[in-house]
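Chain by chain, the residues run as shown.
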Amino acid sequence: MRKPMIAGNWKMNRIPEQAVQYVRALIPLVKDAACDIIVMPPVICCSYIKPIIEGTNIRLGAQNVHFAECGPYTGELSVQMLMAIGVEYVIIGHSERRQYFCENDKTINLKTKAAVKSGLKPIVCVGEMKEERDSGYADIKISYQVLMALNGLTDKEIEKTVIAYEPIWAIGTGVMPALNEANNTLSMIRSAIERNYGNKLAQKVRLLYGGSMRPNNAGEIIAQPEIDGGLVGAATKDVEDFAKVVNFQKGGRQ
Ligand code: 13P
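All of these numbers come straight from a predicted model, not from anything done at the bench.

### Quick notes on the overall build of the chain
Reasoning step 1: Secondary structure assignment for the chain yields 12 helices and eight strands.
Reasoning step 2: Rg of the C-alpha trace for the chain: 17 Å, near the compact-globule value of 18 Å for 254 residues, within the 12% margin.
Reasoning step 3: A fraction of 73% describes how many contacts in the chain between residues 6 or more apart in sequence connect residues 24 or more apart.
Reasoning step 4: Approximately 11400 Å² of the chain is accessible, and the part contributed by carbon and sulfur atoms is 53%.
Reasoning step 5: Side-chain charges in the chain split into 30 positive and 27 negative, and the spacing between the mean points of these groups amounts to 4 Å.

Below, the structure written as structure tokens:
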């Protein structure tokens, strides 16, 4: 049985003082949640948040990482640096990074490998643009992105890797694929993993949906059989909204 996960991607929002207030408010609201809960603030906030969430059911994630251990990469942070400040998860290949920072499937694979080999759990993002969907290329693109990201990982490492399907046109727009379409895409991703790595492993990999997940739809999205949770953006803005998404069981899948 795959444990549901809700990860909140804060993107480039909040300074440490605001982050501290946010997690202090979040802790009591989600203390009984049955899913894994990850907050993914700007890295500058992590050392402030870490002692506050210590001993709670909330885990810390980052939004990006570099693939090298150290060296001349101005402005970048390594896996070791993130882990040293208590980060356990990292988003890799978010569409905003692919779009604005020229990330590609090769660097995303290097980052995924670097993270998982050192024990940092990757949440790899994949997804299609509207035009790609309309021209019928979405599945080809998405399965290619998934298999490229996983290339060279061992079975144990793949098991620890989370894949988040985020249709680019659904991010921050309030528009979403129909529930069965989102489920079918995640099913297609699982089949691609199964073809390459076998059914047993494919059944263990957690697959998230991201893109306009909100308190009012999280329950029905995660009730879909292939969807193991959500990667949430705008609904992290308000701590109560995020807590409602985390507590989706109360309205959806039990
Ligand atoms: P929204 O929830 O704002 O659509 O963003 C999703 C996202 O990009 C999470 O990584």
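Let's pick the thread back up.
### Here's the deal with the site of the ligand
Reasoning step 1: Taken together, the neighbourhood of the ligand is formed by 14 residues, with K11, H94, G172, S212 and A234 sitting nearest.
Reasoning step 2: Side-chain polar atom of H94 to an oxygen atom of the ligand: 2.8 Å apart, as the coordinates give it.
Reasoning step 3: With respect to the ligand, the backbone of S212 contributes an N or O atom lying 2.7 Å from an oxygen atom.
Reasoning step 4: When isolated, the ligand has an accessible area of 310 Å², and the protein chains bury 99% of it.
Reasoning step 5: Under a 2 Å grid-point criterion requiring more than half of the atoms, the pocket assigned to the ligand is the second largest pocket.

### Looking at the sheet that holds strand β3 (residues 58–62)
Reasoning step 1: The strand order around the closed barrel formed by eight strands is β1-β2-β3-β4-β5-β6-β7-β8, and the pairing between neighbours is parallel. Strand-to-strand, the axes of this sheet are offset by a mean angle of 25°, without reference to chain direction.
Reasoning step 2: As paired elements, β3 and strand β4 (residues 89–92) share two bridges and run parallel to each other. By the bridge assignment, A62 is partnered in β4 with V90.

### Let's talk about unusual backbone geometry
Reasoning step 1: At R14, a residue that is not glycine, the phi angle is positive and equals roughly 85°.
Reasoning step 2: Among the structural elements, R14 can be located in the loop between β1 (5–9) and α1 (16–29).
Reasoning step 3: You will see that C102, though not glycine, has its phi angle at about 55°, which is positive.
Reasoning step 4: Within the secondary structure layout, C102 lies in the loop between α4 (95–100) and α5 (105–118).

### Concerning the nonpolar core
Reasoning step 1: In this structure, I6, L26, I163, I189 and F242 are the most contacted members of the largest nonpolar core, which totals 68 residues.
Reasoning step 2: The dominant element in this core, judged by the number of residues it contributes, is α1, at six residues.
Reasoning step 3: Those residues in contact with F242, other than ones at most four positions away along the chain, are I6, A7, G8, Y22, L26, I37, I38, V39, V232, A235 and T236.
Reasoning step 4: In terms of nonpolar packing, the next biggest core, distinct from the first, is built from 12 residues, A7, C125, A164 and L208 among them.

### Topic: the pairing of strand β7 (residues 207–210)
Reasoning step 1: Burial along β7 is two-sided: L207 and Y209 and L208 and G210, pointing in opposite directions, are all buried.
Reasoning step 2: The pairing of β7 with strand β8 (residues 229–232) spans two bridges and is classified as parallel. Counted as the bridge partner of Y209 is G230 from β8.

### Concerning the packing of α5 against helix α7 (residues 138–150)
Reasoning step 1: Contact pair α5 / α7: the axes reach a minimum separation of 7 Å and the direction vectors enclose 45°. One element, α5, and the other, α7, form an angle in the oblique class. Relative to α7, the crossing made by α5 is right-handed. Together, D105, K106, I108, N109 and T112 of α5 and Y144, Q145, M148, A149 and L150 of α7 make up the contact between the two elements.
Reasoning step 2: Among the residues forming the contact of α5 with α7, the class breakdown is five nonpolar, three polar and two charged.

### Let's talk about α1
Reasoning step 1: For α1, with 14 residues, the first-to-last C-alpha span of 20 Å sits near the 20 Å given by 1.5 Å per residue.
Reasoning step 2: For α1, the set of buried residues is P16, A19, V20, Y22, V23, L26 and I27. All buried residues of α1 project into a common sector of 165° when viewed along the axis, lining one side. Relative to its buried face, α1 has exposed residues pointing more than 90 degrees away, namely E17, Q21 and R24.
Reasoning step 3: On the buried face of α1, the contacting elements are β2 (36–40), α2 (46–53), β3 and α12 (239–246).

Calculation rules
- Residues numbered from 1 in each chain as written.
- Predicted model: local features only at pLDDT ≥ 70, side-chain atom pairs only at ≥ 80, totals over all residues.
- Heavy atoms only, no water.
- Helix = DSSP H or I, 4+ residues; strand = E, 2+ residues; numbered from the N terminus.
- Rg over C-alpha atoms; globule rule 2.2 N^0.38 Å.
- Contact = heavy atoms within 4.5 Å.
- Areas by Shrake-Rupley, 256 points an atom, 1.4 Å probe, with all protein chains shown as cover.
- Lys, Arg positive; Asp, Glu negative; His and termini not counted.
- Charge placed at Lys NZ, Arg CZ, Asp CG, Glu CD.
- Near = heavy atom within 4 Å.
- Polar contact = N/O pair within 3.5 Å; in protein donor to acceptor, adjacent residues only side chain to side chain.
- 1 Å grid on protein atoms, 1.4 Å probe; cavity = no way out; pocket = protein on both sides within 12 Å on 5 of 7 lines; lining within 4 Å.
- Sits in = over half its atoms within 2 Å of the grid points.
- Pairing = 2+ DSSP bridges.
- Axes fitted to C-alpha atoms, helices over the stretch in contact; angles between N-to-C directions.
- Core = buried A, V, L, I, M, F, W, Y, C linked by side-chain atoms within 4.5 Å.
- Buried < 20%, exposed > 50% of the residue type's maximum accessible area, 1.4 Å probe, protein only.
- Parallel < 35°, antiparallel > 145°, perpendicular 65-115°, else oblique.
- Left-handed = near helix turned anticlockwise from the far one by under 90°.
- Nonpolar A, V, L, I, M, F, W, Y, C, P; charged D, E, K, R; others polar.
- Expected span 1.5 Å × (residues − 1).
- Arc of directions from axis to C-beta.

Function-wise, these values are silent; they only describe arrangement.
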